[in-house]
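Residues per chain, in single letters:
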Amino acid sequence: MVFYFKARPDAGDYTIFMGLDKYENEELIKYGFPEDIWFHVDKMSSAHVYLRLNKGQTIDNIPEGVLEDCAQLVKANSIQGNKVNNVDVVYTPWQNLKKTPSMDVGQVGFHNSKMVRTVRVEKRINEIVNRLNRTKVERTPDLKAEREAVNAAERAERKQQLRDKKRREEMDRLEKERQAELRSYKNLMVADKMTSNKDIAAANKSLQELEEDFM
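Caption draft 1: Region of interest: helix α3 (residues 126-134). Along α3, the residues classified as buried are Ile 128, Val 129 and Leu 132. End-on, the buried residues of α3 take up no more than an arc of 95°, which puts them together on one face. Set apart from the buried face of α3 by more than 90 degrees, the exposed residues are Glu 127 and Arg 134. Residues of α3 that are buried make contact with β1 (2-6), β2 (15-19) and α2 (64-76).

Here it is as C-alpha cells:
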C-alpha cells in the first residue's frame, strides 16, 4: 500500500507519497520515476517520502513551501525524529539511490554523495502535518506496470523525435538541392545572354563590310 498526499495548493500541483512499510519502500526504490525526489530523516529510522516533480523541474527549483511539506511529513513519520527538535532531513533524486544485494530490505545508499541535500527541521508544525494528512489517499498501485508504461511512452517519444529529425533533415536536403538548381539555371540564363568581345568584333566587321559595299 502507498499513501499519497497533496502539497499545499498555492505551490502548484505536487504529489507526495510514501510506502506503508519497508517492503513497499523496496518497490518504490525499484520502480521510481526520474522526476522523483527521495526524503529521509538523517541518521534515524523514518518513512521514505517521495516528491514527484513536474517535467523539466530539478532538485534545485523545488518550491520552498513544498520542500517544507516534505520535510515535515518525513519527520512526523519517524518514531525517533518526531520526538526531537532540530533534525536533519536528507533528500536526493531517485536516480541517485543505490541498492546493492547485501543491503537489507528498504535500505539504500547513494551513488554520489554530492547530490544529497540537507534541510534542517527545527520542530514539528502540526498545522502542516494535519493539512497533509487530510489529503491522504491509500492506494495499492502496480508500480512495475506504471514504470513500464512510462518507459514505453518515453520510447515512443524518442522514436517520434527521431522521425521528426529525419523529416527535417530530408526537407533541408531537398531545399538545398532546389536552391542549387535555381542558381544553376540563373547562371545558365546569364551565360546565354552574354556576348564575347570576339562576337562584338565580328559583328562590327560585318557592318563595315556592308557599308563598303554601298559606297
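So that's the structure; there's more coming.
Caption draft 2: Structural view of the packing of aromatic side chains. Evaluated as defined, the whole model comprises four aromatic pairs. For the pair Phe 39 and Tyr 91, a centre-to-centre distance of 5.1 Å together with 10° between the ring planes defines the contact as stacked. On the criterion of sequence distance, the pair formed by Phe 39 in strand β3 (residues 36-41) and Tyr 91 in strand β5 (residues 87-93) is long-range, its members being 52 residues apart. Among the aromatic residues, those joined into a ring-pair cluster are Tyr 4, Phe 17 and Tyr 50.

Caption draft 3: Representation of the pattern of salt bridges within the structure. Taken as a whole and judged by the stated rule, the model has 15 salt bridges. We note a salt bridge from Asp 88 to Arg 120, for which the minimum N-O separation is 2.5 Å. One end of the pair, Asp 88, is in strand β5; the other, Arg 120, is in strand β8 (residues 117-121), with 32 residues separating them in the sequence. Exposure remark for Arg 120: the relative accessible area of 48% places this residue in the partly exposed category.

Caption draft 4: Layout of the side chain of Asp 69. For Asp 69, the location among the structural elements is in helix α2. Relative accessible area serves as the criterion here: at 0%, Asp 69 is assigned to the buried category. The contacts of Asp 69, once residues within four sequence positions are left out, are Ala 7, Arg 8, Ile 16, Ile 128, Arg 131 and Leu 132.

Caption draft 5: Representation of the environment of Glu 64. Mapped onto the secondary structure, Glu 64 falls in helix α2. Take Glu 64: its relative accessible area is 71%, and that puts it in the exposed class.

Caption draft 6: Expanded view of the sheet that holds strand β4 (residues 49-52). An order of β8-β5-β3-β4-β2-β1-β9 is seen for the seven strands of this open sheet, with the pairing classed as antiparallel. Each edge of the open sheet carries a strand with a single partner, namely β8 and β9 (137-139). In this sheet, neighbouring strand axes are inclined to one another by 25° on average, regardless of whether the strands run parallel or antiparallel. Running over the sheet, α2 touches β1, β2, β3, β4, β5 and β8 and is turned about 45° from β3.

Caption draft 7: Just the nonpolar core, in detail. Judged by nonpolar contacts, the single largest core of 29 residues is most densely connected at Ile 16, Phe 39, Leu 51 and Ile 62. Among the secondary structure elements, those contributing two or more residues to this core are β1, β2, β3, β4, α2, β5, β8 and α3. Among the elements that make up this core, the one with the highest residue count is α2 (six residues). Beyond its immediate chain neighbours, meaning those up to four positions away, Ile 62 contacts Ile 37, Leu 51, Leu 53, Leu 67 and Tyr 91. Residues Tyr 4, Ile 29, Leu 97 and Leu 143 belong to the second largest nonpolar core, which totals 14 residues.

Caption draft 8: Focus on the packing of α2 against α3. Where α2 meets α3, the axes come as close as 9 Å, and the angle between the chain directions of the two elements is 90°. Judged on the interaxial angle alone, α3 and α2 are roughly perpendicular. Along the contact surface, α2 presents Glu 68, Asp 69, Gln 72, Leu 73 and Ala 76, while α3 presents Ile 128, Val 129, Arg 131 and Leu 132. Residues belonging to the contact of α2 with α3 are distributed by class as follows: five nonpolar, one polar and three charged.

Rules used in this analysis
- Here the residue numbering is sequential within each chain, running from 1 through the sequence in written order.
- Per-residue local features of the predicted model are confined to residues with pLDDT of at least 70, and side-chain atom pairs are confined, for both listing and counting, to 80 or more; whole-chain, interface and lining totals are unaffected and use all residues.
- The side-chain values count all of the structure's non-hydrogen atoms but skip hydrogen atoms and water molecules.
- To sort residues, take the accessible area from a 1.4 Å probe on protein chains only and compare it with the maximum for the residue type: under 20% means buried, over 50% means exposed, and anything in between is partly exposed.
- Counting from the N terminus, the helices are DSSP H or I runs at least four residues long and the strands are E runs at least two residues long.
- Comment: arc refers to directions from the helix axis out to C-beta atoms.
- Residues count as neighbours in contact if any of their non-hydrogen atoms are within 4.5 Å of one another.
- Here the aromatic set is Phe, Tyr and Trp, taking the six-membered ring for Trp, and pairing holds for ring centres within 6.5 Å; pairs whose planes are under 30 degrees apart are stacked, those over 60 apart are edge-to-face, and all others are tilted.
- A pairing counts as a salt bridge when a side-chain nitrogen of Lys or Arg comes within 4 Å of a carboxyl oxygen of Asp or Glu.
- Strand pairing requires that DSSP identify at least two bridges connecting the strands.
- To get an axis, fit a line to the C-alpha atoms, keeping to the stretch in contact for a helix; angles then go from 0 to 180 degrees between the N-to-C directions.
- Working definition of a nonpolar core: buried Ala, Val, Leu, Ile, Met, Phe, Trp, Tyr and Cys residues. They are joined through side-chain atoms within 4.5 Å.
- Any angle between 65 and 115 degrees counts as roughly perpendicular, while under 35 counts as roughly parallel, over 145 as roughly antiparallel, and the rest as oblique.
- When residue character is reported, Ala, Val, Leu, Ile, Met, Phe, Trp, Tyr, Cys and Pro are called nonpolar, Asp, Glu, Lys and Arg charged, and the others, Gly included, polar.

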